[in-house]
Amino acid sequence: MKYLKKIGNILIISLCLLNSAVIVSAEESVSTGTDVMNETSVSPRVQSVGYKYITIDGIKYRRLWSYSENCWLEPAWTPCE
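This one's a predicted model, so the numbers in the text were calculated from it and none came from an experiment. (Residues numbered from 1 in each chain as written. Predicted model: local features only at pLDDT ≥ 70, side-chain atom pairs only at ≥ 80, totals over all residues. Heavy atoms only, no water.)

Scanning the chain from terminus to terminus reveals two helices and four strands. Reading the secondary structure of the chain in the N-to-C direction produces α-α-β-β-β-β. Expressed as a percentage of the 81 residues in the chain, the buried residues total 6%. Sequence-distant contacts, at least 24 apart, represent 8% of the contacts inside the chain between residues at least 6 apart. Accessible area of the chain: about 7600 Å², with a carbon and sulfur share of 61%. (Helix = DSSP H or I, 4+ residues; strand = E, 2+ residues; numbered from the N terminus. Buried < 20%, exposed > 50% of the residue type's maximum accessible area, 1.4 Å probe, protein only. Contact = heavy atoms within 4.5 Å. Areas by Shrake-Rupley, 256 points an atom, 1.4 Å probe, with all protein chains shown as cover.)

Here we come to unusual backbone geometry. Backbone geometry at Asp57 places phi at a positive 55°, although glycine is not the residue there. Considering the arrangement of structural elements, one finds Asp57 in the loop between strand E1 (49–56) and strand E2 (59–66). Relative accessible area serves as the criterion here: at 76%, Asp57 is assigned to the exposed category. With phi around 55°, Asn70 is a residue other than glycine that occupies positive phi space.

The subject of this paragraph is the side chain of Arg63. Its location among the elements puts Arg63 in strand E2. Buried charge Arg63 goes without a salt bridge, the closest partner of opposite sign being Glu74 at 6.2 Å. Here the side chain of Arg63 touches Glu74 through a polar contact of 3.1 Å, landing on its backbone oxygen. Within polar-contact distance, the side chain of Arg63 engages the backbone oxygen of Pro75 at 3.1 Å. Filtering out sequence-adjacent residues up to four positions away, Arg63 remains in contact with Gly50, Tyr51, Lys52, Trp72, Glu74, Pro75, Ala76 and Trp77. (Lys, Arg positive; Asp, Glu negative; His and termini not counted. Salt bridge = Lys/Arg side-chain N within 4 Å of Asp/Glu carboxyl O. Polar contact = N/O pair within 3.5 Å; in protein donor to acceptor, adjacent residues only side chain to side chain.)

Without other data, these values stay purely geometric and don't point to any function.
What follows is the structure, encoded as structure tokens:
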């Protein structure tokens, strides 16, 4: 009888320890969301481009301009058709 009582006590204690270990590990895995906000991430953005037009001697020319980088994307002015 003492043997069964001792085994029962050991079983109850081990279940309590196992249960508390599961609770602690679950609490450690919960994320507050601040970790994501503190990380720096690179997000690709679409480049904003468009044509600039100029008229020289009655001929209309165009050249591709990058509004996001403020530079020309085409090397020279090309006549419009």
